[in-house]
Amino acid sequence: MSIKLNINNAGLRSHELDQTRFLVEAAFHNLESKQGAGNDFLGWMDMDETAAQFAPGEFERIKAAAKKIQGQSQVLIAIGIGGSYLGARAALEFTGGSFYNQVAKRNGGIEVYFAGNNISSAYVSYLMQIIGDRDFSVNVISKSGTTTEPAVAFRIFKEKLEQKYGKEGAKDRIYATTDAKKGALRGLAEAEGYETFVVPDTTGGRFSVLTAVGLLPMAVGGMDIDAVMQGYRDARARYAVCDLDNNDVMRYAATRFIMMLKGKKIEILSNYEPALTQFGEWYKQLMAESEGKDQKGVFPVTANFTTDLHSIGQFIQDGSRTLFETVLWVEKSACDIAVPHDPANVDGLNFASGKTMQFMNEQAMHGTLLAHVDGGVPNLIITLDELNDHNFGELVFFFWKTLGVSAYMLGVNPFNQPGVEDYKKNMFALLGKPGYEDMKADLEARLNAVL
């Protein structure tokens, strides 16, 4: 098994997990039977290269497009926000490390950068400098084509492509991942002749990384998407049986629920491997947008150790007891380096001479685990044997299904996000978007009173 869950340090009494059995089994069956709230967004449960989530032949077209992009470009700009970029970026760093664009190119992979996830002119300017005079392509990812951040970025990079290659040349370098039939981007892609891929109707953004949304940038960056999908299938089979004693998805969901009942309203997903930093960002969206409704849910945050032990470590150790910790630990490093011996021992580190950094990292994890548990912080451990393409697909499904069971235990619909729309309405009104005029004066008056 690539993934193992350890709840021995969660501080549970012997009867507590068993007392959740009826509820967690009901939530599991609700998910499996596809009868629960939001059941029209369960495409991620049965995803396969030949399933309805992919148009006929689309999985092979993704691989062909990736090869074409690798052959004609040195850089791909993937434009999207939220689930339209978080999963692909997490995958590339998961398998290639923090410097995947510089040192981890494989299978003909090229540099992949992400835009359209903010409205910063400085960010876009720096990205333009990175591209420089090199050849590049664009993958714009948006179901509607009208989401502000990616729409702005696409305008800018589309203009740059057309200036560099002409209108005809540019359209051969633009790939649109969007709705199958409708929307502004679908209409533009068909009018301009862009190659298109589908954002499935049955798969929401934070569940879309194993569709064309994430798979095309992943393949362009050199990942083996066949291995990714095999990891997904292996996890789907492993967690298919309703068995609280042996199904780690159910055990994790039940433990999180018990933590919440005990007043632990914050879950810290901590890791000791920088390659998992962006996976933490993906996890935050998945959990926060899915569970945070009806004044319910566990608030997800992340910590990157040992770095953050020198910043938020004091609070975790000694602050208010409102949190629990889930450690994402990787047993095998992609490479290992031993600490050299220094005859002068100026830094006093010769006690570690000859020890590998991975060994030292593991002892840091063990020491932190014991200290946090002693400080009253329940700890769970999710162990991966290593970071590779297969294990990315497996871990994604593990968190997806845990989230589905957990949210149904809370009694919320995990597949919508009604609260996300509020800030957009205010922003559109302040920007003067047609249809929001009646809101603008009131919002400006409120801002004048508080700013």
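Provided above is the structure to which this section pertains.
Nothing here was measured: the structure is a model prediction, and the numbers come from that model. Counting restarts for each chain: residues are numbered from 1 in the order of the written sequence. Local features in this predicted model are restricted to residues of pLDDT 70 or higher, and side-chain atom pairs are both shown and tallied only at a pLDDT of 80 or more, whereas totals for entire chains, interfaces and linings draw on every residue. The basis for the side-chain values is all heavy atoms of the structure; hydrogens and waters are excluded.

The subject of this paragraph is the overall build of the protein. A helix here means a DSSP run of H or I that spans at least four residues, while a strand means a run of E at least two residues long, and both kinds are numbered starting from the N terminus. In terms of helices and strands, the protein carries 17 helices and ten strands. Note that the radius of gyration is over C-alpha atoms, with the globule rule given as 2.2 Å times the number of residues to the power 0.38. Against the compact-globule benchmark of 22 Å for 451 residues, the protein has a radius of gyration of 23 Å, which places it among compact chains. With respect to the three principal axes, the spread of C-alpha positions in the protein is 65 × 60 × 55 Å. Exposed residues in this analysis have more than 50% of their type's maximum accessible area, buried residues have under 20%, and partly exposed residues fall in between, with area computed by a 1.4 Å probe over protein chains only. When burial is assessed residue by residue, the protein has 51% of its 451 residues classed as buried. Counting contacts in the protein only where the partners sit at least 6 residues apart, residues at least 24 apart contribute 77% of the total. Contacts were defined at the residue level, with two residues in contact if any of their heavy atoms lie within 4.5 Å.

So, about the side chain of Lys 158. Along the chain, Lys 158 turns up in helix α7 (residues 148–171). If sequence neighbours within four positions are ignored, Lys 158 has contacts with Lys 167, Ile 174 and Tyr 194.

Turning next to the sheet that holds strand β7 (residues 266–271). Paired strands are those between which DSSP finds at least two bridges. Taking strand neighbours across the sheet as the criterion, the five strands line up as β1-β10-β9-β7-β8 in an open arrangement whose pairing is mixed. Edge positions in the open sheet fall to β1 (3–6) and β8 (299–304), since each of these has one partner strand only. For this sheet, the mean angle separating the axes of adjacent strands, direction not counted, is 20 degrees. Two strands pair when backbone bridges link them, and β7 and strand β9 (residues 323–330) are joined in this way by six bridges, in the parallel orientation. A fitted line through C-alpha atoms serves as each axis, taken over the contacting stretch for helices, and the angle formed by two N-to-C directions is quoted from 0 to 180°.

Counting buried positions along β7 yields five of six residues, so the element is predominantly enclosed. Note: β7 against β8, six bridges, orientation parallel. Note on β8: the bridge partner recorded for Ile 266 is Phe 299. Taken together, β7, helix α12 (residues 277–291) and β8 form a β-α-β motif whose crossover is right-handed. Orient the strands so they point away from the viewer, and a crossover whose first-strand-to-second-strand path over the helix runs clockwise is right-handed.

This brings us to the pattern of salt bridges. Here a salt bridge means any side-chain nitrogen of Lys or Arg lying within 4 Å of a carboxyl oxygen belonging to Asp or Glu. Taken as a whole and assessed by the stated rule, the structure comprises 28 salt bridges. Across the salt bridge formed by Asp 179 and Lys 143, the nearest N and O atoms sit 2.7 Å from each other. Highlighted residues: Asp 179 in the loop between β5 (174–178) and α8 (184–192) and Lys 143 in the loop between β4 (136–141) and α7, separated in sequence by 36 residues. Here the salt bridges share partners, and the residues they tie into one network are Lys 143, Asp 179, Lys 182 and Asp 201.

Turning next to the sheet that holds strand β2 (residues 75–79). Taken in spatial order, the five strands of this open sheet run β3-β2-β4-β5-β6, and their pairing is parallel. Every other strand in the sheet has two partners, leaving β3 (111–115) and β6 (195–198) as the edge strands with one partner each. Across the sheet, the mean angle separating the axes of adjacent strands is 20 degrees when strand polarity is ignored. As paired elements, β5 and β6 share four bridges and run parallel to each other. Looking at β6, one finds that Ala 176 is bridged to Thr 196. Lying on the sheet, helix α3 (residues 58–72) is in contact with β2, β4, β5 and β6; it crosses β6 at an angle near 135 degrees. Against the sheet, α8 engages β4, β5 and β6, with an angle of about 145 degrees to β5.

The amide bond that connects Phe 305 to the next residue, Thr 306, takes the cis arrangement and shows omega of 5 degrees. Counting through the fold element by element, Thr 306 comes out in the loop between β8 and α13 (313–318). Of note, the phi angle at Lys 34 is positive, near 60 degrees, even though the residue is not glycine. Along the chain, Lys 34 falls in the loop between α2 (21–33) and α3. For Lys 34, a relative accessible area of 32% puts it in the partly exposed group.

With that settled, the discussion passes to the pairing of strand β10 (residues 379–384). Judged by how many residues are buried, β10 sits mostly within the fold: six of six residues are covered. In β10, alternate side chains face the same way, and those of Asn 379, Ile 381 and Thr 383 on one face and Leu 380, Ile 382 and Leu 384 on the other are all buried. Relative to β10, β1 runs antiparallel, the two being bridged by four bridges. Looking at the pairing, Asn 6 lines up with Ile 381 of β10. Alignment of β9 against β10, held across six bridges, turns out to be parallel. Bridge pairing in β10 links Trp 329 to Thr 383.

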